[in-house]
Amino acid sequence: MKFKIIISVFTIAGFICNAQKPIIQTKYTADPAPMVYNDTVYLYTSHDEDDAKGFKMLNWLLYTSTDMVNWTEHGVVASLKDFSWARQDNGAWAIQTIERNGKFYMYCPMHGGGIGVLVSDSPYGPFKDPLGKRLIDSDHIWNDIDPTPFIDDDGQAYLYWGNPDIYYVKLNEDMISTSGDIIKESTKPANYQEGPWVYKRDGHYYLAYASTCCPEGIGYAMSDSPTGPWEYKGMIVEASDKTRGNHPGIIDYKGKSYCFGHSYDLIKSKTSTFYERRSVDMDEIIYNEDGTIQTLPYWSNGGPEPVDTINPFKRVEAETMAWSEGVKSEKNTETGVYVTDINNKDFIEIQSVDFGKGAKKFEAIAASMNSGTIEIHIDNKDDAPIGICRINSTGGWNTWKTFTTKIKKTKGVHDVFFVFKGTTEDELLNLDAWKFNN
Ligand code: FUB
């Protein structure tokens, strides 16, 4: 069994761990780049490896949500391997993806290696390198990080990037070639460091960014034009001793506005040793009437309210969760992403599950070389379970079978907890998906 430390309210590092933050717990994620497309939030992130000491970054991940509390993992959607010309052993830094005319363009910095672009017909990939070389090739290649694409209302696209300066260049309509010179922005906001995120809202242009280190918060500037001048307006998230790093991603979704960033809260809950293992956080933000943004002191404890519900009568992927403790996720070509490394007392929480007029049965698609149970709890994982589903050995960790159980009839909207129990110290089972029936 792998050594695991359960996150507790009071931690080794002596600070109080958020109950619902960061939003991803099964992997270390950084540099959030949310994209709203067809009613879904696609959250692309960079990926700090589990054994990273300093930056160790090889690929990029995707998560989706339709309710802003439960996130479904889609695993690695692009990697350094997609750029045959790039260094392969590290440097997959902060990406951003944008849609244009039904194609998805992912702008990828390889630290010290310039900025490349990948293209796909789907937000889930596969993403391909159409150029076979850098899109951005400059004489300041080590500064060429954190690209953010933006398409203005007149159709002109721009790519911005850079640490410690802000650069931008016009993109042609094909989104994979540039027009004109690279410009170094002359009115960089006073505490700009890196991680630009450019967008337009209600006629105002915004440049959000990670403020100077350390600690880093999220600052922002506004302008009447996509090319500046940019006027510093304040902090969206205050710099806090709780985190030395940050990186903004900002969207509007289902009538609310959100700012994503990252922190070291998850790794700090496990050890007081510093490692570059970051985790994406997110909070609702409020715009004032003049377009300025109200400042958040730090990432809040509870996180945002759900803006939708989960339908439990359709197959739900096990890797859809609001919170988990102890478990990890893996992906293979036969199963896709599934939840693994499940031991006694580990659990998954799914919020805002709408049982409607009632569910009476539960089914789980699981695989195991041992055996265990899934206790189903609603609203509080320490209350009595509404049902217990026994998972017997299926003869292989990737040999999947459906297991069913009756549950106490459950109606309405609830948070659901799957608490895994077993009598062995070893891993109990892998979980691919679940569903309730009436
Ligand atoms: O994740 C690697 C680098 O750290 C990013 O490119 C920066 O924005 C900072 O978050």
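Numbers given to residues run from 1 along each chain, matching the order in which its sequence is written. Owing to the predicted nature of the model, reporting of local features is limited to residues with pLDDT of at least 70; listing and counting of side-chain atom pairs is limited to 80 or more, with chain, interface and lining totals taken over all residues. With hydrogens and water set aside, each side-chain value is computed from the structure's full complement of heavy atoms.

**Topic: the pairing of strand β17 (residues 256–263)**
For clarity, the cut-off: Buried residues are those whose accessible area, probed at 1.4 Å on protein chains only, stays under 20% of the maximum for their type, while exposed residues exceed 50% and partly exposed ones sit between those limits. Here a helix means four or more residues in a row that DSSP labels H or I, a strand means two or more in a row labelled E, and each is numbered from the N terminus. The pairing criterion is simple: DSSP has to find at least two bridges between the two strands.
The buried fraction of β17 amounts to 7 of the 8 residues, a majority that puts the element mostly inside the structure. Here strand β16 (residues 249–253) runs beside β17; their pairing, made up of 5 bridges, is antiparallel. When the sheet's bridge partners are listed, Gly249 is paired in β17 with Phe260. Linking β16 back to β17 in an antiparallel pair, the connection comprises 2 residues, with Lys254 at a positive phi of about 50°. One ladder, built from 7 bridges, connects β17 with strand β18 (residues 279–285); its direction is antiparallel. Opposite His262, over in β18, you have Val280 as the bridge partner.

**Considerations on the sheet that holds strand β7 (residues 115–120)**
Definition in use: Axis angles are defined between N-to-C directions and span 0 to 180 degrees, where every axis is a line fitted to C-alpha atoms and, for a helix, only to the segment in contact.
Taken together, 3 strands build an open sheet; the order of strands is β5-β6-β7 and the sheet is antiparallel. Whereas interior strands pair on both sides, the edge strands pair on one side only; in this sheet they are β5 (96–100) and β7. Put simply, the sheet's adjacent strands are angled 25° from each other on average, direction ignored.

**Considering the packing of aromatic side chains**
Rules: Aromatic rings from Phe, Tyr and Trp, taking only the six-membered ring of Trp, are treated as a pair when their centres fall within 6.5 Å; an angle between ring planes under 30 degrees marks them as stacked, one over 60 as edge-to-face, and anything in between as tilted. Only when the NZ of Lys or the CZ of Arg is both within 6 Å of the ring centre and within 35 degrees of the ring normal is a charge said to sit over the ring.
Under the definition given, this model contains 24 aromatic pairs. For the pair Tyr42 and Tyr124, a centre-to-centre distance of 5.4 Å together with 70° between the ring planes defines the contact as edge-to-face. Here Tyr124 lies in the loop between β7 and β8 (148–151) and Tyr42 lies in strand β2 (residues 40–48), a separation of 82 residues in the sequence. Residue classification places Tyr42 among the buried residues on the basis of a relative accessible area of 7%. Classification of Tyr124 by relative accessible area gives partly exposed; the value is 40%. Ring centres of Phe55 and Trp93 lie 5.0 Å apart, and the angle between their planes is 55°; on these two criteria the pair is classed as tilted. Note that Phe55 is positioned in the loop between β2 and β3 (59–65) and Trp93 in the loop between β4 (71–79) and β5, a separation of 38 residues in sequence. Grouping aromatic residues by their ring pairs yields a cluster made of Phe150, Tyr158, Tyr160, Tyr168 and Tyr205. The ring of Tyr287 is capped by Arg201, whose NZ or CZ atom sits 3.6 Å from the centre of that ring.

**Observations concerning unusual backbone geometry**
Residue Pro126 is bonded to the preceding Gly125 through a cis peptide linkage, with omega at 5°. Mapping Pro126 onto the fold places it in the loop between β7 and β8. In this structure, the amide linkage connecting Cys214 to the following residue, Pro215, adopts the cis form with an omega of 5°. Mapped onto the elements, Pro215 comes out in the loop between β13 (204–211) and β14 (218–223). We note that Ser352 has phi near 60°; this positive angle belongs to a residue other than glycine. In this structure Ser352 comes out as buried when scored by relative accessible area, which is 6%.

**Regarding the nonpolar core**
What tends to happen in soluble globular proteins is that the nonpolar side chains get buried as a cluster. Defined as follows: Residues belong to a common nonpolar core when they are buried Ala, Val, Leu, Ile, Met, Phe, Trp, Tyr or Cys residues joined through side-chain atoms within 4.5 Å. Throughout, a contact is declared for two residues whenever any of their heavy atoms are within 4.5 Å.
Judged by nonpolar contacts, the single largest core of 39 residues is most densely connected at Tyr44, Trp60, Met106, Ile236 and Ile250. With residues near it in sequence (within four places) discarded, Ile250 still touches Pro34, Trp197, Tyr199, Ala208, Ile236, Tyr258, Cys259, Ile285 and Tyr287. Val327, Val353, Phe362 and Phe436 belong to the second-largest nonpolar core, a separate cluster that totals 31 residues.

**Some details on the pattern of salt bridges**
Stated precisely, the cut-off is as follows: When a carboxyl oxygen of Asp or Glu is within 4 Å of a side-chain nitrogen of Lys or Arg, the pair counts as a salt bridge.
For the coordinates displayed, the defined rule picks out 21 salt bridges. Between Lys328 and Asp50 there is a salt bridge, with the nearest N and O atoms lying 2.9 Å from each other. In this pair, Lys328 is assigned in strand β22 (residues 328–332) and Asp50 in the loop between β2 and β3, connecting sequence segments 278 residues apart. Relative accessible area serves as the criterion here: at 38%, Asp50 is assigned to the partly exposed category. With a closest N to O distance of 2.8 Å, Asp153 and Lys200 form a salt bridge. Placement of the pair is Asp153 in the loop between β8 and β9 (157–161) and Lys200 in strand β12 (residues 192–201), with a sequence separation of 47 residues.

**Quick word on the sheet that holds β17**
The strand order across the open sheet formed by 3 strands is β16-β17-β18, and the pairing between neighbours is antiparallel. On the outer flanks of this sheet lie β16 and β18, each paired with one strand and no other. Neighbour-to-neighbour, the strand axes of the sheet open up by a mean angle of 25°, direction not taken into account.

**Let's talk about the domain arrangement of the protein**
The condition that has to hold: Domain delimitation follows an automatic or database domain assignment. By buried area we mean the combined loss of accessible area, with a 1.4 Å probe, across both parts when two parts are placed together. Under the rule applied, a polar contact is a pair of N or O atoms within 3.5 Å (in protein, one hydrogen donor and one hydrogen acceptor; residues adjacent in sequence only if both atoms are side-chain atoms).
We note that the domain assignment places domain 1 (16–285) and domain 2 (316–437) within the protein. Centre-to-centre separation of domain 1 and domain 2, based on C-alpha positions: 33 Å. Counting from both sides, the interface comprises 18 residues of domain 1 and, opposite them, 15 residues of domain 2. Buried surface at the junction of domain 1 and domain 2, summed over both partners, amounts to about 1,500 Å²; 42% is from carbon and sulfur atoms. Our count for the contact surface shared by domain 1 and domain 2 stands at 1 salt bridge. Counting the contacts that link domain 1 with domain 2 gives 12 residue pairs in polar contact (both at pLDDT 80 or more).

**A closer look at the side chain of Thr335**
Here Thr335 is to be found in the loop between β22 and β23 (336–342). Residue classification places Thr335 among the buried residues on the basis of a relative accessible area of 15%. At 3.4 Å, the side chain of Thr335 forms a polar contact with the side chain of Asn398. If we ignore the near neighbours within four places in the chain, the residues touching Thr335 are Asn398, Trp400 and Asp432.

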